[in-house]
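Residues per chain are reported as follows:
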Number of protein chains: 2
Amino acid sequence: MDAIDIIVTKRDGGELTPDQIDWVIDAYTRGEVADEQMAALNMAILWRGMTRAEVARWTDAMLRSGDRLDFTDLPRPTTDKHSTGGVGDKITLPLTPAVAACGAAVPQLSGRGLGHTGGTLDKLESVPGWRAELSPAEMRKILADVGGVVCAAGSGLAPADRKLYALRDVTGTVESIPLIASSIMSKKLAEGTGALVLDVKVGSGAFMKDAGSARELARTMVGIGNDNGVRTVALLTAMDAPLGNRVGNALEVAEALEVLAGGGPDDVVELTVTLGREMLAAAGLEGAKDPADALRDGTAMDAWRRMIHAQGGDPDAPLPEAAESHVIASPASGTLTTLDAHAVGVAAWRLGAGRARKEDPVSPGAGVTLHAKPGEEVREGEPLFTLHTDDPDRIPRAAEGLSTCYTIDTPVDRLPLIIDRIA
Amino acid sequence: MDAIDIIVTKRDGGELTPDQIDWVIDAYTRGEVADEQMAALNMAILWRGMTRAEVARWTDAMLRSGDRLDFTDLPRPTTDKHSTGGVGDKITLPLTPAVAACGAAVPQLSGRGLGHTGGTLDKLESVPGWRAELSPAEMRKILADVGGVVCAAGSGLAPADRKLYALRDVTGTVESIPLIASSIMSKKLAEGTGALVLDVKVGSGAFMKDAGSARELARTMVGIGNDNGVRTVALLTAMDAPLGNRVGNALEVAEALEVLAGGGPDDVVELTVTLGREMLAAAGLEGAKDPADALRDGTAMDAWRRMIHAQGGDPDAPLPEAAESHVIASPASGTLTTLDAHAVGVAAWRLGAGRARKEDPVSPGAGVTLHAKPGEEVREGEPLFTLHTDDPDRIPRAAEGLSTCYTIDTPVDRLPLIIDRIA
């Protein structure tokens, strides 16, 4: 085997053989294939694409580069959700305990945020005492005891993907559907879930800006999951505007607590319940308790408190708040018709909620509160946004980005919250 | 400036700005842009191509990464030739002294061979005592005294290209016309020639297998040269069969000496004279002595002897010969209609004339003698090839490769030697 032959095959539009894929992933993980060779191959894959057989094998090779967790001996069936990431997407927070409260076990390995979308671990770390790093034994114990666990993926899971993702990030080769799909699915298959619901976001705040490419990504991932024996379903959901009314780490935990208490914004509740029902159905628990009931009757909140407690967190401790806040008032009265998710995400990031580089810290209290969502009425002079930050010097740039990110008074033309379902 | 932005711009089909090109070449040379980023950019360039403005700037940035020689103070005008490489292509050897004998100065920086085509420096190093490495001062003195010099390019010329070429070699990104053209032209512009004739080879033994891509490469290079004030002309010439009758280092020097003595194979003489006339015309020496006369009257041979002597070589010393030889006889009588250049090049390489890796030595005496060329009559049982090697174990594989590389008796359908002229 020779890396150059493999690069040239893909560059010239050919299909890689299973042996070539196995070899190149393994040799890259071991350092025998150089970063520059893998970067050239990734760009050729971005250019030429991959067949379904190639994507399946590529995913499988990354999966086999490390350990695969196994929870088949648990008394409950496992089911999980993965979101491709959006602004204000705190769904994992109410969803995991709600589904646990309905009888499934949710083994959720999450990540940290980079750029304008936040990471679930960053959000949970704003809960005093909570820790993301668990040993496999701790993860299993919490999953068995509580029915849900959200933690950091250990370095032993899909190490090839870890190395490859870092490379793609600096070589302009992130935006390849086969590479995105195989990266997500190798990690999700490694975490050992028996069923999987994919929340593929579409719109300005999402990685996929249009429904066509989101649908292609969804189909690719659903194919990989089902080919690997994991019952997989994908929903395409709207990310033209932020989810909920709060964007930022502790701000989103607070909003998740509203949902767990039976309230919260309609879109967050609807998406939580819809994804929860899909997760239960995919796990074969069609007759289980409804997640909407679990949110209403306090059992989801009970599961949340036990989850937080099991990972060292204090569910009763006050959440951190930013030192400074700044209100932006509406310049006009009328209907808020659009509110650009990406711009809100960037503003929250500039206020300190996100990181520019992996090693940067995040500010738990920083972010943006939205006082209106598209379709709602606003009045001139009343608050439209509240900016939260520990560093007032960050306010002007964040405010500037928000000043042109919405429209007032033209007819509403939003994407439906649930755009499509791909099974 | 940011390497990722530049990669993504090209990946998505955009045009790089002059500032982006200058920055990325400089930052890569300094090690600030990583190999994996440049590899991804090269694959994107291979995919998307480059505009004439981009290629010109890319070449210029590589040229500016190092020194540029200046021979404008010499009493003679400078002119040079570059060949894209072929099997049995020893044209530089008789051409440089012939053109020098006609009144121009030829500052030829050459390379070593890799793979199935030989390198001019490897050939000349089979002359006892001759050395390829000269200081810029030595190069200038020989050029002024003799009118021609063939030596290795110093590391100060186009260092960006040196680094980039090594990267392309291992990342499957060699086959990009803008990258090939800018690589060749940055080196040729750095050597300080005032005029340049490009010999772009077409056919199985050449890098460009078809006339269309060879013509595009030629046009790109002619554009770069003329845009940079170097009068540049390209000839597309045939490389379906080897040039001349000998392939291998000392074997080719011996054949060059036949040409310098007024004899030698017709194709080698024709190409030497044609390229020589173009070089003189490009240098503005239209009324100069004709290179054909210089070959006939011994003045080219005189220039050769002075060139070799000036670089420590003994023009009267016997050339090295391989320890073993092996004759392959013709299996039939008839007209030799085709003789595959690539296969002959590979056979010579297997016999020891070439190297597989940069650090390998070459065997000066190894190679192949051709007893017939396409269009000539052959007789069953008479010699078709003689194989020369220091290692008889290499003969079987070389002979095997030659056994299917020719055809006897079907109509002749060769490319004309000079296929096209692009000015």
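Residues numbered from 1 in each chain as written. Chains lettered and ligands numbered in written order. Predicted model: local features only at pLDDT ≥ 70, side-chain atom pairs only at ≥ 80, totals over all residues. Heavy atoms only, no water.

What about the overall build of chain A?
Next, step 1: Check the secondary structure of chain A and you find 16 helices and 13 strands.
Next, step 2: The C-alpha radius of gyration of chain A comes to 21 Å, within 12% of the 22 Å expected for a compact globule of 423 residues.
Next, step 3: In terms of principal-axis extent, the alpha carbons of chain A reach across some 65 × 45 × 35 Å.
Next, step 4: Classification of the 423 residues of chain A by burial places 56% in the buried group.
Next, step 5: Considering only contacts within chain A whose residues lie at least 6 apart along the sequence, 78% involve residues at least 24 apart.
Next, step 6: Looking at chain A as shown, the accessible area adds up to about 15,900 Å², and 50% of this sits on carbon and sulfur atoms.
Next, step 7: The centroid of the 42 positive side-chain charges in chain A is displaced by 3 Å from the centroid of its 61 negative side-chain charges. (Helix = DSSP H or I, 4+ residues; strand = E, 2+ residues; numbered from the N terminus. Rg over C-alpha atoms; globule rule 2.2 N^0.38 Å. Buried < 20%, exposed > 50% of the residue type's maximum accessible area, 1.4 Å probe, protein only. Contact = heavy atoms within 4.5 Å. Areas by Shrake-Rupley, 256 points an atom, 1.4 Å probe, with all protein chains shown as cover. Lys, Arg positive; Asp, Glu negative; His and termini not counted. Charge placed at Lys NZ, Arg CZ, Asp CG, Glu CD.)

Describing the packing of aromatic side chains
Next, step 1: What the rule picks out here adds up to three aromatic pairs over all chains.
Next, step 2: In this arrangement the basic side chain of lysine 163 of chain A is found over the ring face of tyrosine 28 of chain A, its NZ or CZ atom lying 4.3 Å from the centre. (Phe/Tyr/Trp six-rings, centres within 6.5 Å; stacked < 30°, edge-to-face > 60°. Lys NZ or Arg CZ within 6 Å of the ring centre and 35° of its normal.)

Topic: the pairing of strand β4 (residues 195-202) of chain A
All names here are of chain A.
Next, step 1: Counting buried positions over the eight residues of β4 gives eight, a clear majority of the element.
Next, step 2: Because side chains alternate across β4, one face comprises the buried residues Ala195, Val197, Asp199 and Lys201, and the other comprises Leu196, Leu198, Val200 and Val202, equally buried.
Next, step 3: Bridge count between strand β1 (residues 80-83) and β4: four bridges; the pairing is parallel. Among the inter-strand pairings, lysine 81 is bridged to a residue of β4, identified as valine 197.
Next, step 4: Bridging between β4 and strand β5 (residues 231-238) involves eight bridges; their strand directions are parallel. Among the inter-strand pairings, leucine 196 is bridged to a residue of β5, identified as threonine 232.
Next, step 5: Since β4 and β5 lie parallel, the crossover through helix α10 (residues 211-227) that links them has a hand, and here it is right-handed. (Pairing = 2+ DSSP bridges. Right-handed = clockwise from strand over helix to strand, strands pointing away.)

Considering the interface of chain B and chain A
Next, step 1: Chain B puts 20 residues into the contact, and the matching count from chain A is 20 residues.
Next, step 2: Overall, the association of chain B and chain A removes approximately 1,600 Å² of surface from exposure, summing both partners, and the carbon and sulfur fraction of that is 71%.
Next, step 3: Applying the counting rule to chain B against chain A returns two salt bridges.
Next, step 4: Across the contact surface, chain B and chain A share six residue pairs in polar contact (both at pLDDT 80 or more).
Next, step 5: For the side of chain B that touches chain A, the secondary structure elements donating two or more residues are α1 (3-11), α3 (35-48) and α8 (159-170) of chain B.
Next, step 6: Residue composition of the side of chain B that touches chain A, by class: 11 nonpolar, four polar and five charged. (Buried area = accessible area lost by both parts, 1.4 Å probe. Salt bridge = Lys/Arg side-chain N within 4 Å of Asp/Glu carboxyl O. Polar contact = N/O pair within 3.5 Å; in protein donor to acceptor, adjacent residues only side chain to side chain. Nonpolar A, V, L, I, M, F, W, Y, C, P; charged D, E, K, R; others polar.)

Here we look at the sheet that holds strand β9 (residues 367-370) of chain A
All names here are of chain A.
Next, step 1: The strand order β6-β9-β11-β7 describes an open sheet built from four strands, whose pairing is antiparallel. At either margin of the open sheet sits one strand with a lone partner, and together these are β6 (246-247) and β7 (324-329).
Next, step 2: Pairing analysis gives two bridges linking β6 to β9, with the strands arranged antiparallel. In the strand pairing of β9, valine 247 is matched with valine 368.
Next, step 3: On the sheet, helix α16 (residues 395-402) packs against β7 and β11 (383-389) and is oriented at approximately 150° with respect to β11. (Axes fitted to C-alpha atoms, helices over the stretch in contact; angles between N-to-C directions.)

Some remarks on the sheet that holds strand β12 (residues 406-408) of chain B
In a beta sheet, neighbouring strands are held together by backbone hydrogen bonds and run either parallel or antiparallel to one another.
Next, step 1: On the basis of which strands lie adjacent, the open sheet formed by three strands has the order β10-β8-β12 (chain B) and antiparallel pairing. In this open sheet, the two edge strands, each paired with only one partner strand, are β10 (377-378) and β12 of chain B.

Remarks on the nonpolar core
Next, step 1: Judged by nonpolar contacts, the single largest core of 259 residues is most densely connected at Trp58 and Phe385 of chain A together with Trp58 and Phe385 of chain B.
Next, step 2: Not counting residues up to four positions away in its chain, the partners in contact with phenylalanine 385 of chain A are His326, Val327, Ile328, Leu339, Val368, Thr369, Leu370, His371, Leu402, Cys405 and Tyr406 of chain A. (Core = buried A, V, L, I, M, F, W, Y, C linked by side-chain atoms within 4.5 Å.)

With respect to the relation of the copies chain B and chain A
Next, step 1: Overlay of chain B on chain A (RMSD 0.1 Å): rotation 179°, translation along the axis 0.1 Å. The relationship between the two copies is best expressed as a two-fold rotation axis. Judged by C-alpha distance, glutamate 36 of chain B is the residue of chain B that lies nearest the rotation axis, at 2.0 Å.
Next, step 2: Interface overlap between copies: 100% of the residues of chain B at the interface are likewise at the interface in chain A, consistent with a symmetric, same-surface contact. (Least-squares fit on C-alpha atoms with pLDDT ≥ 70 in both.)

Points about the domain arrangement of chain A
Residues and elements named next belong to chain A.
Next, step 1: Segmenting chain A into domains produces domain 1 (3-49), domain 2 (80-154 + 194-310) and domain 3 (324-408).
Next, step 2: A C-alpha centroid distance of 24 Å is found between domain 2 and domain 3.
Next, step 3: Between domain 2 and domain 3, the contact holds 24 residues from the first and 27 residues from the second.
Next, step 4: Summed over both partners, the interface of domain 2 with domain 3 comes to about 1,700 Å²; 58% of that surface belongs to carbon and sulfur atoms.
Next, step 5: Inspection of the domain 2/domain 3 interface yields two salt bridges.
Next, step 6: A salt bridge links aspartate 267 to lysine 373; the shortest N-O distance between them is 2.5 Å.
Next, step 7: Remark: the boundary between domain 2 and domain 3 carries 12 residue pairs in polar contact (both at pLDDT 80 or more).
Next, step 8: Where the side of domain 2 that touches domain 3 is concerned, the elements lending two or more residues are β6 and α11 (249-260).
Next, step 9: For the side of domain 2 that touches domain 3, the element with the highest residue contribution is α11, accounting for three residues.
Next, step 10: Residue composition of the side of domain 2 that touches domain 3, by class: nine nonpolar, 10 polar and five charged. (Domains from an automatic or database assignment.)

With respect to the pattern of salt bridges
Next, step 1: Using the criterion set out here, one finds 62 salt bridges over all chains in the structure.
Next, step 2: A salt bridge links aspartate 122 of chain B to arginine 112 of chain B; its shortest N-O distance comes to 3.9 Å. Taken together, the positions of aspartate 122 of chain B in helix α6 (residues 120-124) and arginine 112 of chain B in the loop between β2 (106-110) and α6 put the pair 10 residues apart, joining distant regions of the chain.
Next, step 3: Residue classification places arginine 112 of chain B among the partly exposed residues on the basis of a relative accessible area of 37%.
Next, step 4: Here aspartate 391 of chain B makes a salt bridge to arginine 394 of chain B, at a shortest N to O gap of 3.5 Å.
Next, step 5: Aspartate 391 of chain B gets classed as partly exposed once you look at its relative accessible area, which sits at 29%.
Next, step 6: According to the relative accessible area criterion, arginine 394 of chain B is partly exposed, its value standing at 36%.
Next, step 7: Residues joined in a network through salt bridges with shared partners are Arg112, Asp122, Glu125, Glu133 and Arg355 of chain A.

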